[in-house]
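A structural walkthrough
Next come the chains, spelled out residue by residue.
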Amino acid sequence: GGGTGDDTTSPAAGLWYPNWQEGRDECVNDGEQPPYMTNNPSIYMHSTIESCCEQNYSWILNTCEGNQGSDTDGGTATSMWYMNYSAGTDGACTQDCSSGGECGGLANGWDILYETKSRCCDNRKPWDDACVDGEGSSTDGETTPSGTLMWYMNYSVGTDGACRQDCSSGG
């Protein structure tokens, strides 16, 4: 007989394994694991995706469990915001999506995700006024904190820097 997860064919049939050889930070159960994993199932093979992710990707558990290994793009877009260093020399907050809008492609498992672009900028580039207001400014009606009203040095303004106040309106 054969239900899913049934291991009558081989010790590793239907089991989940870490797919780190392709650098995709996911657990898959496609039966294409390398021989060393099949030969050591107690170390590499798991009956559930949760178990596989907990043992092999504990630092990116949600990302791992969201990647079911069936999509060719490597995972599921969340539409949340993250600091994308490939978007520019010093990074930009972009959306975790495949195309359109301010998509920066799918976020990596180690990227910290934020609900809004403002939160991404506030947490990842608080010194850069142009982060939120940069290309394609869109706040989508989100409420932004008023800021600390403290002053800081902003080197993106000029070569020698300029003092700027941490506030939501251009002060």
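Note that the structure is a prediction, hence the values are computed from the model and not measured.

Attention now moves to the pairing of strand β3 (residues 81-84). The two faces of β3 match: Trp-81 and Met-83 on one face and Tyr-82 and Asn-84 on the other face are all buried. Here β3 runs beside strand β4 (residues 92-95); their pairing, made up of 4 bridges, is antiparallel. In the strand pairing of β4, Asn-84 is matched with Ala-92.

A positive phi angle, close to 65°, is found at Ser-79, a residue other than glycine. Looking at the element boundaries, Ser-79 is found in the loop between α4 (61-66) and β3.

Turning our eyes to something else, we now look at the side chain of Asp-111. In this structure, Asp-111 sits in the loop between β4 and α5 (117-124). Buried within the structure, Asp-111 lacks any salt-bridge partner; its nearest side chain of opposite charge belongs to Arg-124, at an N-O separation of 6.4 Å. When residues no more than four places from it in sequence are discounted, the contact partners of Asp-111 are Tyr-82 and Met-83.

Before going further, it helps to examine the state of the cysteines. Summed over all chains, the structure comprises 5 disulfides. Two residues, Cys-97 and Cys-103, share a disulfide whose sulfurs are 1.8 Å apart. Here the S-S torsion is close to -110°, and the disulfide linking Cys-97 with Cys-103 is therefore left-handed. On the accessibility criterion, Cys-97 (10% relative accessible area) is buried. In this structure Cys-103 comes out as partly exposed when scored by relative accessible area, which is 23%. Shown here for the protein is a disulfide pattern of 1-2, 3-4, 5-8, 6-7, 9-10, where each number marks a bonded cysteine counted in sequence order.

Once that is clear, we can look at the confidence of the model for the protein. On average, the protein scores 72 in pLDDT, and the residues at 70 or more come to 62%. Here residues 67-74 is a poorly scored stretch, pLDDT under 50, and it has 23 contacts once near neighbours within four places are set aside; other chains count.

Bringing α5 into the picture now. For α5, the set of buried residues is Lys-117, Ser-118, Cys-120 and Cys-121. One face of α5 carries all of its buried residues, which in axial projection span an arc of 160°. Contact partners of the buried residues in α5: β3, β4 and α6 (130-133).

Moving on to the pattern of salt bridges. Per the counting criterion, the structure on display carries 2 salt bridges. In this structure, Glu-102 and Lys-117 form a salt bridge, with 2.6 Å as the shortest nitrogen-oxygen distance. Of this pair, Glu-102 sits in the loop between β4 and α5 while Lys-117 sits in helix α5; the two residues are 15 residues apart in sequence, bridging distant segments of the chain. We classify Glu-102 as buried; its relative accessible area is 17%.

How each quantity is defined
Residues numbered from 1 in each chain as written. Predicted model: local features only at pLDDT ≥ 70, side-chain atom pairs only at ≥ 80, totals over all residues. Heavy atoms only, no water. Buried < 20%, exposed > 50% of the residue type's maximum accessible area, 1.4 Å probe, protein only. Helix = DSSP H or I, 4+ residues; strand = E, 2+ residues; numbered from the N terminus. Pairing = 2+ DSSP bridges. Lys, Arg positive; Asp, Glu negative; His and termini not counted. Salt bridge = Lys/Arg side-chain N within 4 Å of Asp/Glu carboxyl O. Contact = heavy atoms within 4.5 Å. Disulfide = S-S within 2.5 Å. pLDDT = per-residue confidence, 0-100. Arc of directions from axis to C-beta.

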